[in-house]
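Working through the structure, step by step
Residue strings, one per chain:
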Amino acid sequence: MRKTLFLSLLCMALLTACNDDSYEPGKGDLSDLVADLVDLHTKAATQVDYAVTDNNTTLTFNSLMEVQWANKADTIYRGLLYYRKAKNSNNVVPYSLAPVTVLYPVSADKIKEMKTDPVELESGWMAETGRYLNILVKIMTASSGEGDDRQSVGMVLDKVEDNADGHKTYYYTFYHAQNGVPENYSTEVYFSIPTANIAGGDKIVLKVNTRKGVVEKEFVQK
């Protein structure tokens, strides 16, 4: 699994994938593409043979898909997959696959200096399987293309509270250090936070610092 606490965002136009053609929903030859966040499996290094969506549908490929960043055999990676569906079948034709970073929350007492430089929280949602909390954020970058941005992100667990109803509430804060990178362009980036160990009915409160102030969103585990 592609995972991190803090990572250098070296290529912040991060939805660069395996195919360089641009995609605009509803237009042209690519209008029939479907996009899903998936867990993908490598049969061999850089060779993906299937993916599992967040509604637990297994998508099999007609032929192995070459993905250079999925470079370990028999390994699960997280990604954003664009594909074409076949009629009455889960066998699909993959078009492109971009990496999605999995942020494993780390206790606040392990963070030497907390950073919450502002980003924009576009959306957040629980996977139907209950395996992930997914978020889409906009981060300001130096370049509109591939660049050496070196920003840092992470997910911090501030505390866990016991509720009166017997469930728990987990309080997370999105860590972001701009690290002096010029804020020239806005880039959308997906992140997934593992939630399989959080019980059904438990809550997650996510805090994100934005340019309009601190935003808190509440999510309930499936």
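Computed from a prediction, not measured in an experiment: that's the story for all the values here. (Residues numbered from 1 in each chain as written. Predicted model: local features only at pLDDT ≥ 70, side-chain atom pairs only at ≥ 80, totals over all residues. Heavy atoms only, no water.)

Digging into the nonpolar core
Within the largest apolar cluster, 21 residues are counted, with the highest numbers of intra-cluster contacts made by Ile135, Met155, Tyr172, Phe174, Phe191 and Ile204. Looking at this core, the elements with two or more residues in it are strand 10 (120-126), strand 11 (132-141), strand 12 (152-162), strand 13 (168-177), strand 14 (185-194) and strand 15 (203-210). For this core, the element with the most residues is strand 11, which contributes four residues. Excluding residues that lie within four positions of it along the chain, Phe191 makes contacts with Val100, Thr101, Leu103, Leu133, Asn134, Ile135, Val137, Ile139, Val153 and Phe174. (Core = buried A, V, L, I, M, F, W, Y, C linked by side-chain atoms within 4.5 Å. Buried < 20%, exposed > 50% of the residue type's maximum accessible area, 1.4 Å probe, protein only. Helix = DSSP H or I, 4+ residues; strand = E, 2+ residues; numbered from the N terminus. Contact = heavy atoms within 4.5 Å.)

Some thoughts on the packing of aromatic side chains
The full count for this structure, using the stated rule, is three aromatic pairs. On the basis of an interplanar angle of 80° and a centroid distance of 6.0 Å, the ring pair of Trp69 and Tyr77 is categorised as edge-to-face. With a centroid separation of 5.8 Å and 50° between ring planes, the pair formed by Phe174 and Phe191 is classed as tilted. With Phe174 in strand 13 and Phe191 in strand 14, this residue pair connects regions lying 17 residues apart in the sequence. In this pair, the class of Phe174 matches that of Phe191, namely buried. The ring of Tyr132 carries Arg78 above its face, with NZ or CZ at 3.8 Å from the centroid. The aromatic ring of Tyr171 is capped on one face by Lys159, whose charged end is 4.9 Å from the ring centroid. (Phe/Tyr/Trp six-rings, centres within 6.5 Å; stacked < 30°, edge-to-face > 60°. Lys NZ or Arg CZ within 6 Å of the ring centre and 35° of its normal.)

Observations concerning the pattern of salt bridges
In this structure the tally under the stated criterion is nine salt bridges. Between Arg131 and Asp39 there is a salt bridge, with the nearest N and O atoms lying 3.7 Å from each other. Taken together, the residues span a long stretch of sequence, with Arg131 in the loop between strand 10 and strand 11 and Asp39 in strand 3 (residues 34-44) at a distance of 92 residues. For Arg131, a relative accessible area of 25% corresponds to the partly exposed category. Across the pair Lys203 and Glu218 runs a salt bridge, and its minimum N-O distance is 3.8 Å. Placement of the pair is Lys203 in strand 15 and Glu218 in strand 16 (residues 213-220), with a sequence separation of 15 residues. (Salt bridge = Lys/Arg side-chain N within 4 Å of Asp/Glu carboxyl O.)

Things to note about the pairing of strand 11
Buried residues dominate strand 11, accounting for nine of its 10 residues. Hairpin connection from strand 10 to strand 11: five residues lie between these consecutive antiparallel strands, with Gly130 at a positive phi of about 80°. Inspection of the sheet shows strand 11 paired to strand 14 by 10 bridges, in the antiparallel sense. Among the inter-strand pairings, Thr141 is bridged to a residue of strand 14, identified as Tyr185. (Pairing = 2+ DSSP bridges.)

Things to note about the pairing of strand 10
Relative to strand 11, strand 10 is paired through six bridges, and the arrangement is antiparallel. Note on strand 11: the bridge partner recorded for Ser123 is Leu136.

Topic: the layout of surface pockets
Volume-wise, the second largest pocket comes out at about 180 Å³. Residues belonging to the lining of the second largest pocket are distributed by class as follows: eight nonpolar, two polar and no charged. (1 Å grid on protein atoms, 1.4 Å probe; cavity = no way out; pocket = protein on both sides within 12 Å on 5 of 7 lines; lining within 4 Å. Points joined across faces, edges and corners; volume = space filled by probe spheres on them. Nonpolar A, V, L, I, M, F, W, Y, C, P; charged D, E, K, R; others polar.)

Some words on the confidence of the model for the protein chain
Looking at the protein chain as a whole, its pLDDT mean stands at 87, while 83% of the residues score no less than 70. Between residues 8-27, whose pLDDT stays under 50, and residues either more than four places distant or in other chains, the model counts 50 contacts. (pLDDT = per-residue confidence, 0-100.)

A look at the environment of Pro94
Topologically, Pro94 is positioned in strand 7 (residues 91-99). Judged by its relative accessible area of 24%, Pro94 is partly exposed. Remark: the alpha-carbon pair of Pro94 and Leu64, spanning 30 residues in sequence, is separated by 9.3 Å.

Some details on the side chain of Thr173
Positionally, Thr173 belongs in strand 13. Of note is the side chain of Thr173, whose polar atom sits 2.5 Å from the side chain of Asp158. The contact partners of Thr173, leaving out residues within four places of it in the chain, are Met114, Thr116, Gly154, Met155, Val156, Asp158 and Lys207. (Polar contact = N/O pair within 3.5 Å; in protein donor to acceptor, adjacent residues only side chain to side chain.)

Remarks on the side chain of Asp202
Take Asp202: it is sitting in the loop between strand 14 and strand 15. At 6.7 Å, Lys168 is the nearest oppositely charged side chain to Asp202, a buried residue that forms no salt bridge. Once residues lying within four places of it in the same chain are set aside, the contact partners of Asp202 are His167, Lys168, Tyr170, Phe219, Val220 and Gln221. (Lys, Arg positive; Asp, Glu negative; His and termini not counted.)

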